[in-house]
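Chain residues, written in single-letter form:
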Amino acid sequence: MRDLMNHGGRYWAYIGFHALMGVLLKVAPSMVGIYFLLFIVFAVFNVFMTADRDDRAAAYALYVIGFEILYRMSGFIVFYELGKYGAIMILLMGTIMGKRSFRAPVFILLLLLLIPAIFLTHSSDSERIREMVLFNLSGPLTLVFSGFYFYNKPMTKAAILGILRFAFLPAFAMIIGLSLRAGLDTLHFTSVQSNPEASGGFAANQVSTILGWFILIPVFFALQGVKLTPWRVLDYVMIVFLFLRGLLTFSRGGILSMLAALSLGFIYLYFRSYDFRLQIRRIGSYVLLGVGLLVITAFWANSLTNNYLLFRYQGKSTSEVLTGIERQDKSYLSGREYIMLGDLKAFIQYPILGTGYGMAMEFHKREFGHAAAAHTEYSRLLAEQGVLGLLFILLAYVYLPIYFFRQRRFTMQRTFFLVFFLVSFFTMFHAAMRLAMPGIVMGFSFFLMVPTSRSFVQPKNDKQR
């Protein structure tokens, strides 16, 4: 697999191919959807035929989570949750063919906790039951099967960076596609609401989430002093345009989740690694350049929106901007807190097994007069799975990460874990698990980093395990 992710002419060819995919997203979008379907079929077959040589399943699954949004934007929908279940099939095949010894029985327990709520979903339409179960179950399943594959899977830093290079390729299609479908000169900003127009005509929250994921990868490479693409200048160009397009969606979650995860990872590594502090001094000019570019890009984006972007991040409503009168009932979380409170009310009324998959929306409709889908995965788990959902939260999002972090004493291992776990953890607050990205990336964060003499920033007195 490493030959697919090198810095030679082949990587340029892959960039060119994905730029073409971006063009097709505008002129022949169904071709993008067909390619995605064929890629998943190829990936499953290739992992099977090669017995997951060189961690192919990992590269393919992380690639799928980046391309999933392009598939949905294409309008060629064979199955809306194809990205999630496709990634699950790839990782399951990798787990089986890789002949990995099972190392995390906790994921078996997590899988079992997901089953009872299936039988509580009800509707007069059997097709509606299938849709509610498959949609709401798919997110937690991505985490479980990603955990099966990645937990304590030995991987070198070189292999991890190679996988991330492959996972970044859909970003080129995303930038070209957004530029053609929603050029900067065609955008109009008249409110502080999330902007589907600037998101290429698709859900701004999902687009922002994936753009944040794409930004995280090259910035993380830059902090390591490593090039993502063959040209360092191309890394910075991609960071700028991904950040610009992410800001223009007016959906704050993807950008803030990325910034928070990177900042906390950077702070931890900086204070824990003497060698990293020395490295930062050596590449300090690149770091300052990157920060400067992000600041300039933010001012550029704000000017394009006539200050509406600034108002959005200040939490102001459109009426406040237009009238200058501050609202007393304004919500910085865009109303998500009210949905969360409704989910908690459902949990109180159905504490044992919850309402069942998809039934929390019906609960909101019955109790509050309008249906509302959860944007926060944690409150959805409580509402739809009751105490079993609470147990899932405590095991998957509290016990397991704390245990894993304490067991891994190698500073760079902990840094990788923090960045990838946190970006997933924060994403589930604002976008639940509508995309495959948070579940797959959270599972990915549990890999076991294998030390090599050249692969790590080795801090003084840093223990390896």
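Residues numbered from 1 in each chain as written. Predicted model: local features only at pLDDT ≥ 70, side-chain atom pairs only at ≥ 80, totals over all residues. Heavy atoms only, no water.

This part is about the packing of aromatic side chains. Any aromatic ring pair is given by two values, namely how distant the centres are and how the planes are angled relative to each other. Under the counting rule described, the total for this entry stands at 54 aromatic pairs. Relative to Phe-166, the ring of Tyr-14 lies with its centre 6.5 Å away and its plane at 90°, an arrangement referred to as edge-to-face. On the criterion of sequence distance, the pair formed by Tyr-14 in helix α1 (residues 9-27) and Phe-166 in helix α7 (residues 157-168) is long-range, its members being 152 residues apart. Tyr-14 sits in the partly exposed class, given a relative accessible area of 23%. On the basis of relative accessible area, Phe-166 is assigned to the buried category, the value being 5%. Measuring from centroid to centroid gives 6.4 Å for Phe-241 and Trp-300, while their planes differ by 80°, and the two rings are edge-to-face. Taken together, the positions of Phe-241 in helix α10 (residues 232-248) and Trp-300 in helix α13 (residues 284-304) put the pair 59 residues apart, joining distant regions of the chain. Sitting over the face of the ring of Phe-404, Arg-408 holds its NZ or CZ atom 5.3 Å from the ring centroid. (Phe/Tyr/Trp six-rings, centres within 6.5 Å; stacked < 30°, edge-to-face > 60°. Helix = DSSP H or I, 4+ residues; strand = E, 2+ residues; numbered from the N terminus. Buried < 20%, exposed > 50% of the residue type's maximum accessible area, 1.4 Å probe, protein only. Lys NZ or Arg CZ within 6 Å of the ring centre and 35° of its normal.)

What follows deals with the nonpolar core. The biggest cluster of nonpolar side chains holds 141 residues, and the ones touching the most others in it are Leu-62, Phe-168, Trp-213, Phe-392 and Tyr-397. Setting aside chain neighbours within four positions, we find Trp-213 in contact with Leu-62, Ile-65, Leu-164, Phe-420, Met-437 and Val-441. (Core = buried A, V, L, I, M, F, W, Y, C linked by side-chain atoms within 4.5 Å. Contact = heavy atoms within 4.5 Å.)

Moving on, we get to helix α18 (residues 377-407). Between the first and last C-alpha of α18 there are merely 27 Å, a value that for 31 residues lags more than 12% behind the 45 Å anticipated at 1.5 Å per step. Maximal helix bending in α18 amounts to about 145°, located at Gln-385. (Expected span 1.5 Å × (residues − 1). Bend = angle between axes of the 7 residues up to and from the residue.)

Once that is clear, we can look at the packing of helix α3 (residues 56-74) against helix α9 (residues 204-223). Contact geometry of α3 with α9 gives a least axis separation of 11 Å together with a crossing angle of 150°. Here α3 is positioned roughly antiparallel relative to α9, judged by the angle of their axes. For α3 against α9, the interelement crossing comes out left-handed. Facing Leu-62, Ile-65, Gly-66, Ile-69, Arg-72 and Met-73 of α3, the residues of α9 in contact are Gln-206, Val-207, Ile-210, Trp-213 and Phe-214. (Axes fitted to C-alpha atoms, helices over the stretch in contact; angles between N-to-C directions. Parallel < 35°, antiparallel > 145°, perpendicular 65-115°, else oblique. Left-handed = near helix turned anticlockwise from the far one by under 90°.)

What follows concerns α7. Given a rise of 1.5 Å per residue, twelve residues ought to cover 16 Å, and the 16 Å separating the end C-alpha atoms of α7 matches this to within 8%. For α7, the buried fraction is high: eleven of the twelve residues fall into the buried class. If you check which residues of α7 are buried, you get Lys-157, Ala-159, Ile-160, Leu-161, Gly-162, Ile-163, Leu-164, Arg-165, Phe-166, Ala-167 and Phe-168.

Moving on to the confidence of the model for the chain. Scored by pLDDT, the chain has a mean of 89; 93% of the residues are at 70 or more. Note on residues 453-465: pLDDT under 50 across the span, and 33 contacts to partners over four residues away in sequence or across chains. (pLDDT = per-residue confidence, 0-100.)

Take unusual backbone geometry next. With a phi close to 60°, Asp-55 is a non-glycine residue in the positive phi region. Tracing the backbone shows Asp-55 in the loop between α2 (29-50) and α3. Overall, Asp-55 belongs to the buried group, its relative accessible area being 13%. Of note, the phi angle at Ala-432 is positive, near 50°, even though the residue is not glycine. Within the secondary structure layout, Ala-432 lies in the loop between α19 (411-430) and α20 (437-444). Judged by relative accessible area, Ala-432 falls into the buried class, the value being 4%.

One pass over the full model with this rule turns up seven salt bridges. Across the pair Glu-68 and Arg-72 runs a salt bridge whose closest N-O atoms are separated by 3.1 Å. Of this pair, Glu-68 and Arg-72 both sit in helix α3, four residues apart, roughly one helical turn. The exposure class assigned to Glu-68 is buried, which follows from its relative accessible area of 0%. Between Glu-377 and Arg-380 there is a salt bridge; the shortest N-O distance is 2.7 Å. Of this pair, Glu-377 and Arg-380 both sit in helix α18, separated by three residues, roughly a single helical turn. Glu-377 gets classed as buried once you look at its relative accessible area, which sits at 2%. Through salt bridges with shared partners, one network takes in Glu-68, Arg-72, Glu-81 and Lys-84. (Salt bridge = Lys/Arg side-chain N within 4 Å of Asp/Glu carboxyl O.)

In a packed pair of helices, the relevant descriptors are the angle between the two axes and the axis-to-axis distance. Here α3 crosses helix α4 (residues 82-97) at 170°, and the two axes come no closer than 9 Å. Our classification of the angle between α3 and α4 gives roughly antiparallel. Along the contact surface, α3 presents Ala-57, Tyr-60, Ala-61, Val-64, Glu-68, Tyr-71 and Arg-72, while α4 presents Leu-82, Gly-83, Lys-84, Ala-87, Ile-90, Leu-91 and Gly-94. In the contact of α3 with α4, the residues fall into nine nonpolar, two polar and three charged. (Nonpolar A, V, L, I, M, F, W, Y, C, P; charged D, E, K, R; others polar.)

All right, on to the environment of Thr-249 then. Within the fold, Thr-249 resides in the loop between α10 and α11 (252-272). With relative accessibility at 0%, the residue Thr-249 sits in the buried group. Here the alpha-carbon distance between Thr-249 and Gln-206, two residues 43 residues apart in the chain, equals 9.7 Å.

Moving on: the environment of His-375. Mapped onto the fold, His-375 is located in the loop between α17 (359-368) and α18. Take His-375: its relative accessible area is 23%, and that puts it in the partly exposed class. Taking the C-alpha atoms as reference points, His-375 and Ala-158, separated by 217 residues in sequence, lie 36 Å from one another. Residues within four places of His-375 in sequence aside, it is in contact with Asn-205, Arg-336, Ile-339, Met-428, Phe-429, His-430, Ala-431, Ala-432 and Arg-434.

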